Amino acid sequence: MLTFFLKKLPSVVMVAIASSVIAFVLPRLAPGDPAVALAGSDASPEQLAAVRDQLGLNGSLYEQYFHWIWNLLHGDLGRSFAMRRPVATLISSRLESTIELAALALVLMIIIGFTLGILSATLRNQTTKAALDVVNTICLATPPFLTGLLLILLLGIAFPILPVSGEMGLLRDPVKGLQYLILPAFALALPQAAVVARLLATAINSVRGEDFIDLAKAKGVPPGRLMRRHLLRNSLGPAIVAIGLRAGELLGGAIVIEAIFARNGLGQLAVSSVQNRDYLVLQALILGAVLIAVLIQLLSEITIAALDPRIRLEG
Amino acid sequence: MTIRILPAIRHARPIGGMIFSVVLAAGLCATASVRADDGKPVRGGTITVSQTADAQPRNILTLRAGNSPWVKNVFETLTQTDPETFEVKPLLAKSWKVAADGLSMDIVLRDDVTFHTGRKMTAEDIKFTLETMALPETAAQVGFIAKEFQSIDVTSATTLTIKFKKPLANIFDLFEEANVIDKETYAKREDGSQVIGTGPFKFAKWSPGASIMLERYDSYRDKSLPYLDSIEFAVITDSTASVSALRSGRSVMATGLSQNDLVEFTNNPQYQFVNSGGTIFPLGVNVTKAPFDKKEVRQALGYAIDRQRINDQVFGGIGVPTDLFWGVGSPGYGKDQALHYGYDPKKAKALVEKAGATGAKVPIVVPSIPANRSIFEIVQNNLKEIGLAPEAVVLDVADFDKRQVAGDLGPAFILIHGQVGFSTATLLSSLPSLRQGNPSGFWSDQYATLRNAVTAANSPEATDKAVKALSDYMLDEAFSLSLVQTPGQTILSDTVKGVKATLRSQMLFGQAYLAE
Amino acid sequence: MTDIAVQSVAPLLNVEGLSASFAGRHATIRIIDNVSFEVKPRRVLGIVGESGSGKSVTVRSILDMLRNPGRVDSGTVMFNGRDLVGLPEAEMRKIRGKRIAMVFQDPQAALNPVMTVGEQIAEALVVHGASRAAARERAFELLRQVGIPDVERNFDQYPHQFSGGMRQRVVIAIALANKPSLLIADEPTTALDVTIQAQILRLLCDLKDELGLSIIMITHDMGVVAELCDDLVVMYGGRVVERGTVADVFSAPRHPYTAALLHSVPRIDSNTGSQLRAIPGSPPTPARLPSGCAFHPRCRFAVERCRSEVPRLEELAPAHSAACWVSAADRMSVPPEEEGLVRKARRTLSANPILQIEDLRTDVNRGSGSFFSKAKPIFAVDGISLEIRPGETLGLVGESGCGKSTLSRTIVGISPVAGGKITVAGRDVSAMNPEDRDTIVRTIQYVFQDPFASLNPRRSIAQSLGEALGVAGVNGEKARERSVELLLRVGLNEDFLERYPYELSGGQRQRVGIARALATEPKLLICDEPVSALDVSIQAQIINLLEELRDELGLAYLFIAHDLSVVRHISDNVAVMYLGKIVEMGTAEQVYGSPQHPYTAALISSTPEPALDARQEKIVLAGDMPSPANPPSGCRFRTRCPIGPAYFPEREICSTSSPNLKETATGQKAACHFAGTPIKAGTRDEAGNG
Amino acid sequence: MTVPQSKPMHRRWFNPSIARYMEAFTTTRGIAALTAIILISALAFLAPVVFPGGYDVQSRESLRAPSFLHFFGTDELGRDLFVRSIYGLRSDLALVYFAVPVSMVAGTLLGLIGAVSPRLGSFVQRCLDIIVGFPGLILGICVVLVLGAGWTALLVVIVVSGLPGFGRLARATLLSQQQREYVIAARTLGVGKWQIMVRHILPNAVDPIIVQGAVFVVSAIFIEAALSIVGLGLQPPEPSLGTLLNNGIRYISRAPTYVLGPTVILIIVALAFSMLADALNATVNRK
C-alpha cells in the first residue's frame, strides 16, 4: 500500500502543481476585482485604488503566486479578502455542513443505487422490469436541482412535512439536523444513484454470463446466495469507480443544492468567493477539491483491489 | 423564492432612507417607528434576526446592507435624525453650534460615554473617526464631505472645533454615518475579532457567512437599557429560507426579502412591514456614444419606457415610478417633474426617427441581479417598439461594479443605487450616476453650476428652487433616467416590541423587548 | 480402462428425444433435435462433435442450465427413474451438484475469482445442507483427493494463485463434493496443455474407478475419447449421427462424418509426405442447417435422398447406431479412404539462413517499472539460438507460457530485444530501427492464432488485404487485382473481397489471414498456432494449404504449436521449448523418433492418439511449469523431470548447472545432463509436488 | 455455447457499424427515443414558423395559471410560457447539437493522442483528471466569467465539461485496442502509427463515444440549466430552459405552475436522449 502511494506520488504532485496554477490563473482572468467587494459599487476610483493597495493586490502575478505557494507549503492558506478571516478558518467552519450533506447523500446513493441495480438485474417479469427501467431513466434524467425543486414543491409547499431551507449541525441536534439534511441529500443522491444502479445492473448481467456462475448453479447454489456471494462481489468494480467519481462531485458539486436548500456549505462559500473574486478562498477550494478527487480515485483503486484478490496495486 | 447566488451581492449595497418611508406611510399599512409600545418593557431574552447579506465589520463606516441591521446597536453617532420629524437630535454630542459664516462648528460631547473596552470616549476619538471617514480606503459614500474639512481641533476631552473649507449644508449626513470608533482597536475590526463601539450592545461573535452575535453591554450609560440579553443575526442568503425562519418562529425579523416573498405576509396581522431605505433603478446612457450623443434619442428613451409596468410586474406595485433621483417628497421633489416622461411610445418613435437612429444597435449593460434583468426585459421590449435594437450584456456583479466605479459601462446600462435617504446635495456627489466621472460621461458647465447651487442652498426655499432647476436641466438632458424607486422592506413579528429604525433603515434594538 | 460390457444393467441416465432451441429476436432456432442416448453406471460416455454440434447444449439441457433465451422443447431425461425435464427449480437444485455434477471447459473462468478455493468447495456442501465445519473438513479431504499439494495453505488461496491444472482439479473437487453418481465434464481438458491434460485425464480415470462414477465426457478430440471413454455419441448439426461403444465406432465407423473425423487428424507417428485427408467445407451453424442430412454438403457418399430427408438413427449393428441413408442401405461400415495425395516435391534448400537468431533474450517486464525503481526483468525468452533456411519449416513446440509467442513477437519487432542478435536475410536487425523494420516486413510475415481476432471486424476483406498491400506499395486497381490473386491463392475467390469477417467461417478467416501475410511476398511466415482455434475438420484444410503454399512459393515457416502431431506433420526441423529455453532441437524424425530430452519424451507420450491401440501407459509429468519470473536454478526442467533430482536425488548437477544444448548420440541437440536416459511411464504426482 | 445470432441486417454498401446503429432503431426503445427526439427537434426548430410572434410578446397579464390560451400560463412579464418554453428548448437543442459533437471529436482526439506518444497521452489524461476534480459548477462559472455570459461561454463550458468523459473512453479504447491482435497484425505488416489509429483504433472508439455522446446531451442541458440558475446562462430576453427554470423558481410560491412547463420539457428531452443512449448501447454491445 505504501509503495502504491509512493508510486502515485509523482503524478499526484504534478496534478497538484498544475491545478494550483489553474486555480490561481483562471479566477484572475475573469474581469472584476476583490477590492470592489470591500469598497462597494458606489466607491470612487480613488477609494478603490486605496483598498486595492491595502489588500496587497498591486504586486505582480508571479510574486502573488509564489507568495501563495510559499505560504501554502508552510500551512498558511492566506486570508480572505472579503471576510478578512484566515481561509483555513473559513473553510473549516463550512466543512461540517458539506461533509454531512455529502456523507448522507453518499449513503443514500449507495442504498438506492444498489437496491435499484440489484432489482433490475434480478427481476424476470418484463413489465416490472420495464417500469423499473423507466423510473431509473427518469431519475437519471432529472438533475439534482430539479429533484430538489420538486421535493420543495411537494414536501415543503404542498405537504409541509420537512424543512426545506436552512440547516442544523448533526452534532448540535441529530434529529433536527437529519430533518434538514434528508431532502437535499436525497435530491443530490437520486440521479447519481440511478447511474450507480445502471452500472451495477450492467455489471451483474455481464457477470451472469461468466462460467463460474454456471458452476455455482451446477453446485446447486440458490438465487439469493448466488447474488450475494457470486454476482454482486464480482460486479462491484464499475459501481465503485462510479461511486468514487461521484463522491468528489457530491463534495464539491452540491453548489446548486446548497443554494436551493439554503445551506451554508463549501459550495456556497465557493460561489460567494467567485462573486467577490475572493481569490485565496477560491484557490484553496479548487486545489482542495482536485486533491480530494485524486485521493478518492486512489481510494477507489484500493477498494477495488481489496475486493478483488486478483488485482494488485500497481503504479 | 429566489435563488440568490450571485444576486446576493445586491444586498451588499448601501441602502438607506427614511424620507421615502414616511411618504409611503400613508399609503401603506406600515409605520416608520414600529408600533406604539403597549405594555411595559421586560428585561432579558434573546432574539434572532435574519438578514440576506453577510456582515462586513471592516466597513462599519460605510452603508452596507449586511451591516444595517446591527451596526447602530454597537456603534453610536454624534447626532441622530428623528425619522418622523426630521429633527436632528443629539446622541453622543450634547450640543453644537455652527458659526455664522458657516465655516466652523463647535461640538460639545457627553462625558458619560464608554467604549465596550471600558475606556472613556473623548474628543480625540471623534477626531479619529471623522479623519478615518475621509480616507479613501474607508470608501465611505459620504467621505467626500469630510474631505471638505479644513481642520479638526480638539479643545478638551469633551469639546472640539471643526473648520470647513466651504459651508457644508449636508454635514449631518456625515455625522449620521460616522459611527464613533475606538482608535485603539479599530485595526482589529477587520476580521471581526474586536469590533468596539459605544452602543447598547457588544459585538460578541462573527461567523462569516453564517451569523453575528450581539450581547448586552452591561455598562451602558443608561442602566436600564438595553432590555434584551443578546441578538443573533443569522445570514440566510435565500429569501424563502428567511421566510421559513420567520414563520417557524426561529427569527422575529427578516430584512432583504424579495417582493414575491413579502406578498405572503401582506394581510397577516401577526407581522408588520417596516418600509425603510430603498433603491433607485436608473437607465443610464453614455452621451458620448452613438446614438445617445443625440438628445432626441435620449429623450425618446424617457417616453419609451413603461415605468408603471416595471413597477407592477417587477416590484409587485410596491415602488414608485419616478423620473427623479431625489427622495420622494424631499425638498425640491417636483411631483410634475417626476411624471415628466409619460409612457408615449409613438412620440418616442417619432423622436428616434427624427434623429435618424432607427435600427441603431444598443448594447445595454446589466448586472446579473434578478430585478435588473427583469427591468432589462421590459426596457428592451419597449426599445424595440420604438425602433431601436437593444441587446443584453449581462455582467456578473463583481465585474459590473468594477466598471461602474471606473465609469466604463458602454453606451447604455441599467444601474442599481441603494442610497435613498441622503439629502439631494449628498446624492449629487455620492450617486455614481450623477457624480463627476459618471458612466454617462456627462458633464457641463451648466450642470456644475446648478449642482453647486444645490450644495450651497442654505434654506428650504433655496433648496427647493435649486433642486427644481437642476431637475429640469437633467430631465431635458436625459443622460440618466430614473425608472423606479423601491423601498427596502423589513418584516417584523409582533412578539418583539420597541424596535426602531434610523433614517437610513439601520435597525435599533436598544429599546426592544420581548412581548409577554 | 477395462471394458466391462454391461448391456443388461439399467442405465443411470436415459435421454430420449431431447430437443432444445433458442428464441432469437427474429426466429426460434432449434439447437438440438431429438437427441437420445443413455449412460450406464460406471461407464464413461463420450459426446464428440465440432462447434455448433449441440453437445454442450445437450448436457446443459439435462440440468436445466441453458442460458437465456434457450429452452428445452421436448423429450425426457430419466435419471434414477425420475424425469428431470420440467422439474421445478427448487427440486432441480437438489439434484444439481448433489446427484449430477458438472466440470467446465475453462478452469480459468469457472472459479469465482473473489472467493478462496476452499470456500468454493465448501459452498457446494453447505448449499446441500452440510454444516460449515463439516463442509470445511470435507473440502480439505477433497483437495487432497484431487491431488492438490499443501492443502492447509492452498485452501485459503484464490483461484488466480493457482495454475490452470490445479484450478481444474479444484473444479473437479467441487463436482465430487457431494459424491454424485453422474459427472458431466464439458471439454475439461481443452484449455489445458498436453502434460496437464494427461494429468487431468489420469485423475478422472482414477476417480471413476475409486468412486464408481459415471461420466459424460464432452470433447472434440478423438484422442481423448480413445483414451478415456467406453461409449461414444457423435453429434453433428444438433443431431446424433452415430452411437455405439468406442471400440465399435473406432474400428468400424458407420457414419461418413465419424470416419472422416477419425482420419483428418494428423498422427504423431504418421508419414509426413502425404496431405491430410481434410473434410471439405465447414460445420453448419444451427441457424442455417442444411436440409436433409446436415452433413450431406460435405459428404463424399451423399446421394439424392440425403439432401431431402433427415436420416433416422438406426441400429446398424448390435448396440451401434448411425443416422445415414447410405450406410443404412448397405449396413456396412464406411470404407476407408484412399491414401491422401502425395505432396509435390520440395524445392531445394539454399545454404544461407533467412532468419538467424543468436542468444536472444526478451524482457517482458520492461517498462512496467515506476518512478523510483526499475522493474525486475522477466526473461520470457532467455538465450535462444536458431536458424531457418529458405523453404524450410521449423516447428517450435512447447506448453503455453514457455515463451514461444514472445519469441516470434520479438522477431517481428513487437516485443523489444533485450539481448542477443537477430539476423534477417543477412542483415542484423537487432536494433529495430526503421530500415531494419523495413527488412523484416519485406522478409517475414505473421499468421495469427485466432483468425477472428486478427482481422478487424469493421473492415472488409478487401480493406484488410489492401492495407497489407499498401505497405508493400501496391495501391488502387492494382491492389484489387492482387487481392483477388491472393484470395485465389488461398482457395477463396473474388466474392470474398466485399465481405466482412463475421460473414466468414473460421477456416475462411484463417485463409484470409494467410492471404494477408502473403501480400508483401515474404520469404518466411511465422505461424503462431495457426490451427489451434479451428475445428478439427478445418485444421486439416489449413495445414494442407500451408504445405501447398510452402511447396509452391518456396516459403520458410516458423511453425509454432502446442499440438505435437501437427508440428510433426508439417515440420522439417523441430525445436522444443521449455521456460524460455530450447531443450531439444533436430529434424522431425530425430526428435519424434528418439526423443533425447525427458521433456520431449513426456510431451510425445502425453499426446492422446485417436486410436484404440494407443491406450498405453503414459509419462505423466507432475506439477506445472514454473513462472519465468522465478526460474529454477540449474536445469529449468528439474522440478518436473522424471529423471531429475526430484526422483533421483543423487543427480545434483541438475540443480547446480544449466545444461547446454549439445549434440546427442542420435544426431539432434538436447539440453540435458542425462540425455537419452529411458523413462519409466506412470504418474509422478506423489513426488512431484511438495 | 454462445447464443447464435440471426443474420444481422446487412447491406453491401453499408459499413457494418452503421448498419448496427440502424438496428438500434428497430427496438421499441430506440423507435420511441428517435421519434421523441425528432418531434422535439422539429417543434423546437420550427418554433419561428409555429409561433411567428416570437418569444418576447409582453403584456400586463403576468403570472397567469395555465389555460387554453396559454398552455403553461404566463410569466412575470405576461409572456406566454409555452411559447417561451419551446423557444427555450430551441436554444438548448441548438447549443447541444453544436457543442456535444465538438466535445466528442475533441475529447476523442485528446484521448487518442497516446497512440502517437504514450507520454503525451498520459499527460493529457492527467490534465483531464484536473478538469474532473474541479468542484462542480466552479469551472463553468469561471469560464463564463472569463468569456462573458452568452452562447460562446456556454459552448465552451459544455465542450470542456465533456472532454474528460470522451477522453477517458477514447483512451480506454486505445489501450484495449492496442492489445488486439488485428492491431498487432497491422504493426507486423509495417502499417504506420497514424494509419493504425485511423483505420483500427478510431472506428472502435466511435461506438462507446457515440453512446456516451447521447448520455452527455443530457448532461449538457443540465449544465446550461445550472449555469442559468446562477444567472450566467443566455442573455435576456432570449429564453432557455435554464433561464425559465431560474425565473420560475423565484415565483414558486405565487405561481407554482411557472416551473412546471419547462420542467416537463426538460425531463422529456433528457428521457429521450437517455433512451437513445440505452438503445444504442444495447445494440452496440451486442456482438
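Residues numbered from 1 in each chain as written. Chains lettered and ligands numbered in written order. Predicted model: local features only at pLDDT ≥ 70, side-chain atom pairs only at ≥ 80, totals over all residues. Heavy atoms only, no water.

Taking 1.5 Å per residue, 13 residues should reach 18 Å; helix α18 (residues 506-518) of chain C reaches 18 Å between its end C-alpha atoms and fits that length. For α18 of chain C, the tally of buried residues reaches eleven of 13 residues, placing the bulk of the element in the interior. Taken together, the buried positions of α18 of chain C are occupied by G507, R509, Q510, R511, V512, G513, I514, A515, R516, A517 and L518 of chain C. Elements that come into contact with the buried residues of α18 of chain C comprise β18 (444-447), α16 (461-471), α17 (476-489), β19 (524-528) and α19 (536-553) of chain C together with α8 (181-189) of chain D. (Helix = DSSP H or I, 4+ residues; strand = E, 2+ residues; numbered from the N terminus. Expected span 1.5 Å × (residues − 1). Buried < 20%, exposed > 50% of the residue type's maximum accessible area, 1.4 Å probe, protein only. Contact = heavy atoms within 4.5 Å.)

Okay, the interface of chain A and chain B next. Tallying the contact residues gives 37 residues for chain A and 43 residues for chain B. For the pair chain A and chain B, the two sides together bury roughly 3400 Å², of which 52% comes from carbon and sulfur. Looking only at chain A, the three residues that lose the most surface to chain B are S41, D42 and Q275 of chain A, adding up to 20% of its buried area. D396 of chain B serves as the salt-bridge partner of R277 of chain A, at 2.6 Å between the closest nitrogen and oxygen. Looking at the side of chain A that touches chain B, the elements with two or more residues in it are α2 (34-39), α3 (45-55), α5 (87-122), α11 (255-260) and α12 (266-275) of chain A. Among the elements that line the side of chain A that touches chain B, the one with the most residues is α3 of chain A, at eight residues. Among the residues making up the side of chain A that touches chain B, the classes are represented as 17 nonpolar, eleven polar and nine charged. (Buried area = accessible area lost by both parts, 1.4 Å probe. Salt bridge = Lys/Arg side-chain N within 4 Å of Asp/Glu carboxyl O. Nonpolar A, V, L, I, M, F, W, Y, C, P; charged D, E, K, R; others polar.)

Our focus in this paragraph is the interface of chain B and chain D. The interface is formed by 28 residues belonging to chain B together with 29 residues belonging to chain D. Around 2400 Å² of area is buried between chain B and chain D when both sides are counted, 47% of it from carbon and sulfur atoms. Residue D312 of chain B pairs with R60 of chain D through a salt bridge whose shortest N-O separation is 3.3 Å. The tally of links between chain B and chain D comes to eight residue pairs in polar contact (both at pLDDT 80 or more). Among the secondary structure elements, those contributing two or more residues to the side of chain B that touches chain D are α7 (259-262), α9 (307-315), α12 (370-385) and β15 (389-395) of chain B. With nine residues, the single largest contributor to the side of chain B that touches chain D is α12 of chain B. Residues belonging to the side of chain B that touches chain D are distributed by class as follows: eleven nonpolar, eight polar and nine charged. (Polar contact = N/O pair within 3.5 Å; in protein donor to acceptor, adjacent residues only side chain to side chain.)

Before going further, it helps to examine the packing of aromatic side chains. Overall, the coordinates contain 37 aromatic pairs over all chains when judged by the stated rule. Relative to Y473 of chain B, the ring of F442 of chain B lies with its centre 6.1 Å away and its plane at 45°, an arrangement referred to as tilted. In this pair, F442 of chain B sits in the loop between α14 (424-430) and α15 (445-456) while Y473 of chain B sits in helix α16 (residues 460-477), placing the two residues 31 residues apart along the sequence. Exposure class is identical for F442 of chain B and Y473 of chain B. Each is buried. Between Y236 of chain C and F295 of chain C the ring centres are 5.1 Å apart and the planes differ by 85°, which places this aromatic pair in the edge-to-face class. Of the two residues, Y236 of chain C is situated in strand β9 (residues 231-236) and F295 of chain C in the loop between α11 (256-264) and α12 (304-308); the sequence distance between them amounts to 59 residues. Three or more aromatic residues joined by ring pairs form one cluster here, namely F442, W443, Y447, Y473 and F479 of chain B. Against the face of W325 of chain C rests R305 of chain C, its NZ or CZ located 3.7 Å from the ring centre. Across the ring face of F674 of chain C, the terminal group of R651 of chain C is positioned such that the distance to the ring centre comes to 4.4 Å. (Phe/Tyr/Trp six-rings, centres within 6.5 Å; stacked < 30°, edge-to-face > 60°. Lys NZ or Arg CZ within 6 Å of the ring centre and 35° of its normal.)

A few words now on the pairing of strand β20 (residues 556-561) of chain C. Residues and elements named next belong to chain C. When you tally the buried positions in β20, you get six out of six residues, the bulk of the element. Here β20 shows a buried face lined by A556, L558 and I560 and a second buried face lined by Y557, F559 and A561. As defined by bridge partners, strand β15 (residues 393-397) adjoins β20 across five bridges and the pair is classed as parallel. Directly across from T393, in β20, lies its bridge partner Y557. Note that β19 and β20 share five bridges and pair parallel. (Pairing = 2+ DSSP bridges.)

On their own, these measurements won't tell you what the molecule is for.
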